[in-house]
Amino acid sequence: MGLTAAQVDHFNEHGFVAPIDVMSAEEAGELRRLLEEAEAAYPEHLHAEHRNNIHLVLPFIGELSRDPRIVDYVESLVGPDIMLWSTVLFAKAPHSGSFVSWHQDATYMAVGPHNDVTAWLALSPSTLESGCVSMIPGTHKSGKVEHVDTFGEDNILTRGQEVQGVDPDTAVHIELQPGQMSLHHPWVVHGSQPNRTDYRRIGIALQTYMGADMRPTRGPQYVTHVRGAAVDSSWIELPLPTELCAPDGIANRDAANKSFADILYNGAEQRRKL
Ligand SMILES: O=C(O)CCC(=O)C(=O)O
């Protein structure tokens, strides 16, 4: 089952579509349990500063990246031949100041031409109070806009990059229950506020699902195959893991994270500790 014509129109007009039911709250709870069990077992590999590309070391996140209940919707936007660029675990501790400044994903990605979409799946309630993702509708139509690096301490983004002059009153707050997802366009301006609740707000961004026509514009860059045609040789294709945090998965993730950091920090005046 893919998106309805009305959902595709909404995405094209506003730059996002949500909420989309992917799985039951119980199933999302089970994913959360597996994730938190892995965080407890492998703290050196899974912590707040090491939260990228978890699908390369956690088999259940690898499987999630190919789950037809997500990918069928993605296919409605990018076509039948799909790769995945990365994943990001966006977790905010209860009553933490962590926030995400207004930004566009595509600005720092060094891939193109853009035929891609991010799926963001909630594993706990993502509400205005817990710091859900907020989108500025229609901003995807402007293409790339200027960002300023802030390196703000509580800013979860790599370089604290921020689009200036956004009017927060125009934001649409994407509230999701566990098991629901949003889909957003690589150029839509979005961000999120601190978590003011007693619970951990957890979302997994499958970021970004790319159509087969996309290419790296700086390299080397790593992807996993999701469905359809084989990955083009301009990418380095990595396998999904079969074991939790096994040495080969860790080596693949280290390579992908290094390339990810080199791309995201391109031209930056400083780097955070990774
Ligand atoms: O999870 C958040 O708070 C921000 C997510 C985000 O910026 C993204 O998925 O691109």
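A quick note: this is a predicted structure, and the numbers were derived from the prediction, not measured.

Here we take up the overall build of the protein chain. From N to C terminus, the protein chain includes 5 helices and 14 strands. At 17 Å, the protein chain has a C-alpha radius of gyration in line with the 19 Å of a compact globule built from 274 residues. In the protein chain, which comprises 274 residues, the share counted as buried stands at 56%. Sequence separation of 24 or more characterises 85% of the internal contacts of the protein chain that already satisfy a separation of 6 or more.

Another aspect to go through is the sheet that holds strand β4 (residues 100-103). Ordered in space as β4-β10-β7-β8, the 4 strands form an open sheet in which the pairing is antiparallel. Strand pairing shows two members of the sheet lacking a second neighbour, β4 and β8 (172-174), which therefore form its edges. Averaged over all adjacent pairs, the angle separating strand axes in this sheet is 25°, with direction ignored. Pairing geometry for strand β7 (residues 133-135) and β8, over 3 bridges, is antiparallel.

Okay, the pairing of strand β6 (residues 116-122) next. Counting buried residues in β6 gives 7 out of 7 residues, a clear majority hidden from the surface. Every second residue of β6 is oriented toward a common face, with D116, T118, W120 and A122 on one face and V117, A119 and L121 on the other, all of them buried. Where β6 and strand β9 (residues 180-184) come together, 4 bridges link them in antiparallel fashion. Across the sheet, A119 pairs through a bridge with L183, a residue of β9.

With that settled, the discussion passes to the site of the ligand. Near the ligand, the surroundings consist of 13 residues, among which W120, H190, S192, R201 and Q207 are the closest. For the ligand, an oxygen atom lies 3.3 Å from a polar atom in the side chain of H103. Here D105 contributes a side-chain N or O atom positioned 3.2 Å from an oxygen atom of the ligand. When the ligand is considered free in solution it has 290 Å² of accessible area, and contact with the protein chains removes 99% of it. Those elements giving two or more residues to the shell around the ligand turn out to be β3 (87-92), β4, β10 (190-192) and β11 (201-211). No other element matches β11, which puts 3 residues into the shell around the ligand. Residue classes in the shell around the ligand are distributed as 5 nonpolar, 5 polar and 3 charged.

What follows concerns the environment of D72. Within the secondary structure, D72 is located in helix α4 (residues 68-78). For D72 and G2, which are 70 residues apart along the polypeptide, the C-alpha to C-alpha distance reads 5.0 Å. Setting aside its immediate chain neighbours within four residues, D72 contacts M1, G2 and R227. A polar side-chain atom of D72 sits 3.2 Å from the main-chain amide nitrogen of M1.

What follows concerns the environment of E146. Among the structural elements, E146 can be located in the loop between β7 and β8. Along the chain, E146 and T4 lie 142 residues apart, while their C-alpha atoms are 33 Å from each other. The contacts of E146, once residues within four sequence positions are left out, are E162, V163 and Q164.

Within the secondary structure, D116 sits in strand β6. Nearest to the buried, unbridged D116 among oppositely charged side chains is R215, at 12 Å. Here the side chain of D116 touches H114 through a polar contact of 2.9 Å, side chain to side chain. Reaching out from D116, the side chain makes a polar contact with the side chain of T208 at a distance of 3.2 Å. Those residues in contact with D116 that sit more than four places away from it in its chain are V78, M109, P186, T208, Y209, M210 and M214.

Turning our attention to the pattern of salt bridges. Within this structure, the stated rule accounts for 12 salt bridges. Note that E13 and K141 form a salt bridge whose closest N and O atoms lie 3.2 Å from each other. Placement of E13 in helix α1 (residues 5-14) and of K141 in the loop between β7 and β8 is noted, with a sequence separation of 128 residues between them. When salt bridges that share partners are traced, they join R32, E36, E39 and R200 into one network.

About the cut-offs
- Residues numbered from 1 in each chain as written.
- Predicted model: local features only at pLDDT ≥ 70, side-chain atom pairs only at ≥ 80, totals over all residues.
- Heavy atoms only, no water.
- Helix = DSSP H or I, 4+ residues; strand = E, 2+ residues; numbered from the N terminus.
- Rg over C-alpha atoms; globule rule 2.2 N^0.38 Å.
- Buried < 20%, exposed > 50% of the residue type's maximum accessible area, 1.4 Å probe, protein only.
- Contact = heavy atoms within 4.5 Å.
- Pairing = 2+ DSSP bridges.
- Axes fitted to C-alpha atoms, helices over the stretch in contact; angles between N-to-C directions.
- Near = heavy atom within 4 Å.
- Polar contact = N/O pair within 3.5 Å; in protein donor to acceptor, adjacent residues only side chain to side chain.
- Areas by Shrake-Rupley, 256 points an atom, 1.4 Å probe, with all protein chains shown as cover.
- Nonpolar A, V, L, I, M, F, W, Y, C, P; charged D, E, K, R; others polar.
- Lys, Arg positive; Asp, Glu negative; His and termini not counted.
- Salt bridge = Lys/Arg side-chain N within 4 Å of Asp/Glu carboxyl O.

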